[in-house]
Amino acid sequence: MLMPEPYYSEHDTYVKNYIDTGVKKIIGRIRVVNALRRNGEIFDIDLSVSESFLPTGRVFNAIIRDITAKVRAERALEEKNRELEKWNTYERSYGEIMTLFGSSYDEKEILNGTLSRLAEIHPFPVSAIYLYDEWSGKLKCTASHGAPSSLKKEIAQDEGLVGQAVMEKKRHLIDKGINKEIKLDIETGIVTLTPAGIAICPIVYQHKVAGVLVIGSTECLTELDGVFFDRLTDQLGVALNGLRQYSNLKLLSEQLKIKGDEIAAKNKQLEQSNKL
C-alpha cells in the first residue's frame, strides 16, 4: 500500500516539520485520508499515527483501517437524503400548482403561473409551454418564463428534438452541450448562460399530444426530476382539457343566450302584431 500524491511527495517534509517544531498535526489523532492500492486504486482509510522512542531512535507507528464500505454507505445515505429533500420540495410546488389549476379558468394565467412557480422554487429559471394548434398543425408558444428573445414562437411537430419528443410522446432529458437548437439560454442581465440541462416533456391527454413543456435548468437533471415532470405534464393535460371543455361550454352558453334573446325578441314582435 502506498500514499497517493500529494502526500507521497510531501511526506518527508511533514516529518521534518514535526521534528523541527514539535507541533503535532496528525500524531494522536484519527484522520480520514486517501490511500493507494498496488493496482492504482485510491480508497478511503482511517489513519492513526503514534510516536515511540526506542534505544535505536524515534519511531512513528501508523494504524490504518479500510473504510471504503463505510464511506460508500454514508454517501449513499446522503444522496438518499438529498433526493428526499428534493422530492419534498417537488411535492410542495406540485400542491401550489394544483391550487392554481383550481383557482382560475384563464389558460394563459394558469400556464404562466405554473412556470413562475417552477422558477421560484426550483433551479428552472427558463421555461416555455407550447400548445398544439389544430388550424396550423404546429406547436405555438403560449406561455414562457425568463425566455430569451431568440426563443421560437412556433415549432413543427416533427421539428428537431422538441418534435422528436412529441412524436415519441416521451420526455427527453438533455445534457449541456447538445441543446444549441433549442435556444433556451439564461439571460442574467450581465452574461448569457447555457443551461446545465434541458427537459422536453410532451403534454398528453388520452393519447393525444396537447402541447409540450420545455425547461432549462441550472443543474444537471436526474431521473427524479423526470418523474416530477411526468406527473406535472399528466396533470397539465387534464387541466388543459378541462379548460377547453369549459371554454366550449361557455361559448355554447353565450350562443344559446343570443338565440334565446333573438327568440324572445321575435315572440315580442309577434305579440305586438297580434294586438294590431
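Everything that follows concerns the structure shown earlier in this document.
Scope of this entry: the structure provided in the associated data block. (Residues numbered from 1 in each chain as written. Predicted model: local features only at pLDDT ≥ 70, side-chain atom pairs only at ≥ 80, totals over all residues. Heavy atoms only, no water.)

1. Observations concerning the sheet that holds strand β3 (residues 57-66)
The 3 strands are arranged β1-β2-β3 in an open sheet whose pairing can be described as antiparallel. A strand with exactly one partner marks an edge of an open sheet, and here the two such strands are β1 (30-36) and β3. The average undirected angle you get between the axes of adjacent strands in this sheet is 45 degrees. Bridge count between β1 and strand β2 (residues 42-54): 7 bridges; the pairing is antiparallel. Bridging across to β2, Leu36 finds its partner in Ile42. With respect to the sheet, helix α2 (residues 68-101) is in contact with β2 and β3, its orientation differing from that of β2 by roughly 135 degrees. (Pairing = 2+ DSSP bridges. Helix = DSSP H or I, 4+ residues; strand = E, 2+ residues; numbered from the N terminus. Axes fitted to C-alpha atoms, helices over the stretch in contact; angles between N-to-C directions. Contact = heavy atoms within 4.5 Å.)

2. A look at the packing of aromatic side chains
Applying the stated criterion across every chain yields a total of 4 aromatic pairs. Look at Phe124 and Phe229: their rings are 5.6 Å apart centre to centre, the planes differ by 55 degrees, and that puts the pair in the tilted class. With Phe124 in the loop between α3 (107-121) and β4 (126-133) and Phe229 in helix α5 (residues 223-275), the pair connects residues that are 105 residues apart, well separated along the chain. Owing to a relative accessible area of 2%, Phe124 belongs among the buried residues under this scheme. Arranged with centres 6.0 Å apart and planes meeting at 55 degrees, the rings of Phe228 and Phe229 form a pair that is tilted. By the burial criterion, Phe228 is buried, and Phe229 matches it. Members of the aromatic cluster, joined through ring pairs, are Trp87, Tyr90, Phe124, Phe228 and Phe229. The aromatic ring of Phe43 is capped on one face by Arg37, whose charged end is 3.7 Å from the ring centroid. It is Arg231 that lies over the ring of Tyr94; its NZ or CZ is 3.8 Å from the centre. (Phe/Tyr/Trp six-rings, centres within 6.5 Å; stacked < 30°, edge-to-face > 60°. Buried < 20%, exposed > 50% of the residue type's maximum accessible area, 1.4 Å probe, protein only. Lys NZ or Arg CZ within 6 Å of the ring centre and 35° of its normal.)

3. Looking at the pattern of salt bridges
Counted according to the given criterion, the structure contains 14 salt bridges. Notably, a salt bridge pairs Asp225 with Lys86, separated by 2.9 Å at the nearest N-O pair. Here Asp225 is found in helix α5, whereas its partner Lys86 is found in helix α2, with 139 residues between them in sequence. Its relative accessible area of 1% is what places Asp225 among the buried residues. Arg92 is the partner of Glu96 in a salt bridge, and the nearest nitrogen-oxygen pair spans 3.8 Å. Here Glu96 and its partner Arg92 are both found in helix α2, 4 residues apart, which amounts to about one turn of the helix. Judged by its relative accessible area of 31%, Glu96 falls in the partly exposed class. Each of the salt bridges in this network shares a partner with another, and the network as a whole consists of Arg37, Glu41 and Asp66. (Salt bridge = Lys/Arg side-chain N within 4 Å of Asp/Glu carboxyl O.)

4. A look at α3
Over its 15 residues, α3 runs 22 Å from end to end, which matches the ideal 21 Å to within 8%, given 1.5 Å per residue. All of the buried residues in α3 are Ile110, Leu111, Gly113, Thr114, Leu115, Leu118 and Ile121. Sitting at the head of α3, Asp106 places a side-chain oxygen 3.1 Å from the backbone nitrogen of Lys108. (Expected span 1.5 Å × (residues − 1). Polar contact = N/O pair within 3.5 Å; in protein donor to acceptor, adjacent residues only side chain to side chain.)

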